[in-house]
Amino acid sequence: MAFDLVRKRLTKELKLLTENPTPGIRVVDDFSDMRKIRIDMEGASGTLYDGEQYQLLFKFSDQYPFDSPQVTFIGSNIPLHPHIYSNGHICLSILTDDWSPALSINAVCLSILSMLSSCKDKSRPPDNDWYVRTASSDPKKTRWWYHDDAV
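Please read all numbers here as calculations on a predicted model, not as lab measurements. (Residues numbered from 1 in each chain as written. Predicted model: local features only at pLDDT ≥ 70, side-chain atom pairs only at ≥ 80, totals over all residues. Heavy atoms only, no water.)

A. Representation of the UniProt feature "active site" (unreviewed entry) in the protein. In the UniProt entry, the feature "active site" (unreviewed entry) is given for C91. Note on placement: C91 falls in the loop between β4 (70–74) and α2 (105–117). (UniProt positions renumbered as here; feature names shortened; annotations may be inferred. Helix = DSSP H or I, 4+ residues; strand = E, 2+ residues; numbered from the N terminus.)

B. Layout of the pairing of strand β3 (residues 53–59). The sheet contact formed by strand β2 (residues 36–42) and β3 spans seven bridges and is antiparallel. Each residue of the ladder has a partner; that of M41, found in β3, is Y54. (Pairing = 2+ DSSP bridges.)

C. Expanded view of the nonpolar core. If you look at the biggest cluster of nonpolar residues, it comprises 35 residues, and the most contacted ones within it are L10, I39, L56, F58, I90, I105 and I112. No other element matches the seven residues that α2 contributes to this core. Sequence-distant contacts of I39, that is, excluding residues within four places in its chain, are made with I25, R26, V27, V28, Y54, Q55, L56, F58, I105 and C109. (Core = buried A, V, L, I, M, F, W, Y, C linked by side-chain atoms within 4.5 Å. Buried < 20%, exposed > 50% of the residue type's maximum accessible area, 1.4 Å probe, protein only. Contact = heavy atoms within 4.5 Å.)

D. Region of interest: the environment of Q70. As for its placement among the helices and strands, Q70 is situated in strand β4. Apart from the residues within four sequence positions on either side, Q70 is in contact with L57, F58, K59, S137, D138, P139 and K140. A polar atom in the side chain of Q70 sits 3.0 Å from the side chain of D138. (Polar contact = N/O pair within 3.5 Å; in protein donor to acceptor, adjacent residues only side chain to side chain.)

E. Quick peek at the sheet that holds β2. With antiparallel pairing, the four strands of this open sheet are ordered in space as β1-β2-β3-β4. Looking at strand neighbours, the two that pair on one side only are β1 (25–27) and β4, the edges of this open sheet. The average angle at which neighbouring strand axes cross in this sheet is 30°, direction not considered. Sheet strands touched by α2: β1, β2, β3 and β4. Its angle to β2, the strand with the most contacts, is close to 35°. (Axes fitted to C-alpha atoms, helices over the stretch in contact; angles between N-to-C directions.)

So, in structure tokens, the structure goes:
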């Protein structure tokens, strides 16, 4: 019952994404499990990630949209980026502290594309190895420290 409102919101968001797709963002799910939705993403042209293909996994709780989704890169091609760990976790404030119910799947994808597009150097975060060894499988349990707006 609690997930019915979430399902209604997600159905509306996914309809918009499939009927009016944003370049570089494609829903590739059959929606059999609305708690988990996979998105294919392509790096924007003219950037370090031009044409590269990535997969994002969105996981939704019963409190969505009041609670942010859990969003991670999955698959064998996790982008090299100073705010993306090799386990797929993304250090992006709108996924935690700066989340707003007004945000959507598309808004999150656009923020991630923007983050990738503004990157000047493909590299892992300096603490990648330590973080991957010690982090929870749920990136929302990480207390992120947002200190670098340069990438």
